[in-house]
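The residues making up each chain are set out below.
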Amino acid sequence: MAQIDDLPPLRDVISRFGLDARKSLGQNFLLDLNLTSRIARTGGDLKGQTVLEVGPGPGGLTRAILAAGAERVIAIERDERCLAALAEISAHYPGKLEVISGDALAVDVPAILGSDSAKARIIANLPYNVATPLLVGWLRCEPWPPWWTSATLMFQREVAERICAGPGSKTYGRLGVLAGWRSEARMMFDVSRQAFVPPPNVTSTIVHLVPRQSPHPCDPDRLERLVASAFGQRRKMLRSSLGGFCKDPATLLERAGIEPTRRAEEIDVAGFVALANSAAD
Ligand code: SAM
């Protein structure tokens, strides 16, 4: 195992602080510091950077991020049992790690980042129960371009496929349109079940997202409602599946220049944006 710092091995940390994993908190810990270092590296050159980590747990990924040279790490953890373990890491890297005790879904990250121009990279082995709502929140945040400059995130493989899917794929849907609209999203590598303690039921995948600086202008709410309606009946033609979105799908499709007989999974992000914007006129 890599020696990335002088802190105790994670197994010792877990037993000393009684951090037995809780399923309700999506706790599957990574104890291999080679692997956490690889995830941190996937987030780019961290020297001097500010990093947001959600769910540091016993701190394996936090340690890798700090060892990679991050200047400031904001780590949001819901499980208060982890706070003492994280305080040890804070003491080892004075002034660099701020641990916030709470629910990441409720934390106002830009307010913590401080100055208007402050930007951060997000790197996290996300708790699976809140991974999708967190990503959707980051992709929908305003103003855009957002406060985050990249996001390097662990998801269940099936969710990673949906995030990175494009037209023609069975997994293309709401997440693929939202992620494709505002970011470039790529699957980076798989992480086997055995890498976690305890092992989850499925393979995981690291996804790296970089925000697009100038996505096609569109109202996120309208785009979401449109896409939900289109993919709600993904096998039907748009002239019928968009009935849940507007009263007159045929006119909407004509205005957007899209054939009414096409199906949701054939429409690219630009097509959905054109449809959403046609509804606005
Ligand atoms: N980063 C650690 C690692 O890689 O070993 C732990 C990852 S574990 C998959 C997810 C972590 O997120 C747990 O520590 C859990 O307590 C925390 N967590 C769960 N729900 C959370 C929430 N809503 N906000 C913040 N942290 C949360």
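By convention here, each chain's residues receive numbers from 1 onward along its written sequence. Whole-chain, interface and lining totals are the exception, using all residues; otherwise, since this is a predicted model, local features are given only for residues with pLDDT of at least 70 and side-chain atom pairs are given and counted only at 80 or more. The basis for every side-chain value is the complete set of heavy atoms in the structure, and neither hydrogens nor water enter the calculation.

Trainee: Hey, could you run me through the pattern of salt bridges in this one?
Mentor: Think of a salt bridge as a Lys or Arg side-chain nitrogen and an Asp or Glu carboxyl oxygen that are within 4 Å of each other. For the structure shown, the criterion picks out 17 salt bridges. One salt bridge in this structure joins Lys96 and Glu71, with 3.9 Å as the shortest N-O distance. Residue Lys96 is found in the loop between α4 (83-92) and β4 (97-101), and its partner Glu71 is found in the loop between α3 (60-67) and β3 (72-77); the two are separated by 25 residues along the sequence. We count a stretch as a helix when DSSP gives it H or I for four or more residues in a row; a strand needs E for two or more, and each element gets its number in order from the N terminus.

Trainee: Looking at this structure, I do not really get the pairing of strand β2 (residues 50-54). What am I missing?
Mentor: Looking down a regular strand, the side chains alternate between one sheet face and the other. For the exposure calls, accessible area comes from a 1.4 Å probe over protein chains only, and a residue counts as buried if that area is under 20% of its type's maximum, exposed if over 50%, partly exposed in between. In terms of burial, β2 is a largely internal element, five of the five residues being buried. Sheet topology places β2 next to β3; five bridges connect them, and they run parallel. Bridge pairing links Leu52 to Ile74 in β3. Orient the strands so they point away from the viewer; a crossover is then right-handed if the path from the first strand over the helix to the second runs clockwise. With α3 bridging β2 and the parallel β3, this β-α-β connection has right-handed handedness. We treat two strands as partners when DSSP finds at least two bridges between them.

Trainee: Looking at this structure, how should I read the pairing of β3?
Mentor: Among the six residues that make up β3, five are buried, leaving the element largely enclosed by the rest of the structure. Judged from the five bridges that link them, β3 and β4 form a sheet pairing that is parallel. Directly across from Ala75, in β4, lies its bridge partner Val99. Running through α4, the crossover from β3 to the neighbouring parallel element β4 is right-handed.

Trainee: I keep staring at helix α2 (residues 33-42) and nothing clicks. Help me out?
Mentor: An α-helical turn contains 3.6 residues, so any two residues separated by three or four positions project in the same direction. Among the ten residues of α2, seven are classified as buried, and the element is accordingly described as predominantly covered. Restricting attention to buried positions, one finds in α2 the residues Leu33, Leu35, Thr36, Ser37, Ile39, Ala40 and Thr42. At the N-terminal boundary of α2, the capping side chain belongs to Asp32, with an oxygen 2.8 Å from the backbone nitrogen of Asn34. Once α2 ends, the next one or two residues include Gly44, with phi positive near 100°. By the criterion applied in these results, polar contacts are pairs of N or O atoms within 3.5 Å in which, for protein atoms, one can donate a hydrogen and the other can accept it, and in which residues neighboring in sequence qualify only through two side-chain atoms.

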